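# Geometric and topological summary
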Amino acid sequence: SEMTDEEGNRWVGEFDHGVLTGKGTYNGTDGSFYEGGFEYNYYEGKGRYRDAEGNIYEGEFSSGNKHGEGIYTYAEPVDDIKTFTGKWKYGTLIEGDNQFTIHSGGEIAEHAIYNQQQSLEKTLAALKPGNPDQPDLFVLGIAGWGEQEVFHREIKFLQQDFLPRFHATERAVFLVNSQRDIHSQPLATITSIEQAILRLGEVMDKDDDILLIYATSHGSRESGLALDHRGLVLTDLSPDALGDMLDKSGIKHKVVVVSACYSGIFVNAVKSPTTMVLTASSEDRRSFGCADESRFTYFGQALLEQAIPYTDSFSAAFEKAKSLVEQREQEEDKKPSKPQIHTAESIELKLREWRKVLGSRSNNADAPSA
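Numbering of residues starts from 1 in every chain and runs along the sequence as written. Only residues with pLDDT of at least 70 get local features here, since the model is predicted, and only at 80 or more are side-chain atom pairs given and counted; chain-wide, interface and lining totals rely on the full set of residues. To get the side-chain values, all heavy atoms of the structure are used, and hydrogens and water are removed first.

### Section: unusual backbone geometry
When glycine is set aside, most residues are seen to have a negative phi, and most peptide bonds are trans. How we decide: Secondary structure elements follow DSSP: runs of H or I no shorter than four residues count as helices, runs of E no shorter than two count as strands, and numbering proceeds from the N terminus. Here the term buried applies to any residue with accessible area under 20% of the maximum for its type, exposed to any over 50%, and partly exposed to those in between, with areas from a 1.4 Å probe on protein chains only.
Of note in this structure, serine 63 is not a glycine but carries a positive phi near 50°. Tracing the backbone shows serine 63 in the loop between β6 (56-62) and β7 (65-78). Under the relative-accessibility criterion, serine 63 is labelled partly exposed at 42%. One non-glycine residue with positive phi stands out, namely aspartate 333, at about 55°. Take aspartate 333: it is sitting in the loop between α7 (314-331) and β17 (340-342). Residue class for aspartate 333 comes out exposed when judged on its relative accessible area of 52%.

### Some remarks on helix α4 (residues 239-249)
This is how the line gets drawn: Arc, as used here, means the arc of the directions from the helix axis to the C-beta atoms. Contacts are assigned to residue pairs that have any heavy atoms within 4.5 Å of one another.
Residues of α4 that are buried: Pro239, Leu242, Gly243, Met245, Leu246 and Ser249. Taken end-on, α4 shows its buried residues confined to a sector of 160°, consistent with a single buried face. Away from its buried face, by an angle of more than 90 degrees, α4 presents the exposed residues Asp240, Asp247 and Lys248. Considering only its buried residues, α4 is in contact with α3 (190-203), β12 (210-216), β14 (224-225), β15 (253-259) and α5 (267-270).

### Describing the sheet that holds strand β5 (residues 42-50)
Applicable threshold: A pair of strands counts as paired when DSSP detects no fewer than two bridges linking them. Note on definitions: angles span 0 to 180 degrees between N-to-C directions of axes, and those axes are lines fitted to C-alpha atoms, for helices only across the stretch in contact.
Judged by pairing direction, the sheet is antiparallel, and its 9 strands sit side by side in the order β1-β2-β3-β4-β5-β6-β7-β8-β9 without closing on themselves. The outermost strands of the open sheet, each flanked by one partner alone, are β1 (2-4) and β9 (92-95). On average, each strand axis in the sheet is tilted by 25° relative to the strand beside it, whichever way the strands run.

### Looking at α3
The test is simple: Between the first and last residue of a helix there are one fewer steps than residues, each counted as 1.5 Å, and that sum is the expected span.
Across its 14 residues, α3 extends 20 Å between first and last C-alpha, which sits within 8% of the 20 Å expected from 1.5 Å per residue. For α3, the set of buried residues is Ser192, Ile193, Ala196, Ile197, Leu200, Gly201 and Val203. Buried-residue contacts for α3 involve α1 (105-125), β10 (137-143), β11 (172-176), β12 and α4.

Rendered as structure tokens:
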């Protein structure tokens, strides 16, 4: 027998009073497909799941989540990996194979206790001032949620593609929570974020240079941007806390990007005539793509990869990214995330001035022009 819901998703198997238990299949209208065990309509036991993007997981499930041992195959290689074996705990990858390491909570806690401050101080000391005769861009990248690698991947893309494009390689700080890499960058915590912003304020020309903050993680309407790591209890970054840090730094011109669910709550706390704010969602909507196996979040991919390289301003890039996200959400029948922007003429003027200088000194054909 079979059952189809209002959206057209279809379950096939043996039903008892409308509940599928035992062997069955699921066909989603978004292209996803599952075949295997069910219990009370949830994936249970052994099964094979193909998501809307074509990634495939074959292994053990519990209560609808990947749980136990399995094999994951990407539709397209991610981190130069096509297929890996692993162990999951209610949807979270907790062990990998020989292609990458998953650090335990104990390892991460020991690293935080004995290495974090030294790593942070070394990173902040390496910041170089810009040219005193022109506006320069400084960057702070934050990957807040350590148990899903997608946020780290966005920050790595920022580091590898964005910095060279905008000549900001020696003027950037990256704070990353990743259970696969605890040595490359300092951890993202309330203290490290505040120290980084204050240090950037010391190195920058506060009145002429521009600070770009790109923060990516899960988000909460109550507490803001989630900061989380195995083995550690971390305080989330609230909109008011970030606003206070920026005020204390004295940095005038800022572009603040927050890619997280409910990230629209940051707009009012951070915006000013000299601060542009871009968020992945409105204050009461979720954003999408936050999975360990995802290459990027929906908003992050649209903005960083599909919009910024092909537009001549951050506000134009936002509009392009918003359109791409809306189209993708519509195709996948997801509730719109409603990305938000606040901008003002003063910050737009400073960004145009910076773009003009950037374009005149660059011989890189990919570099944006004014």
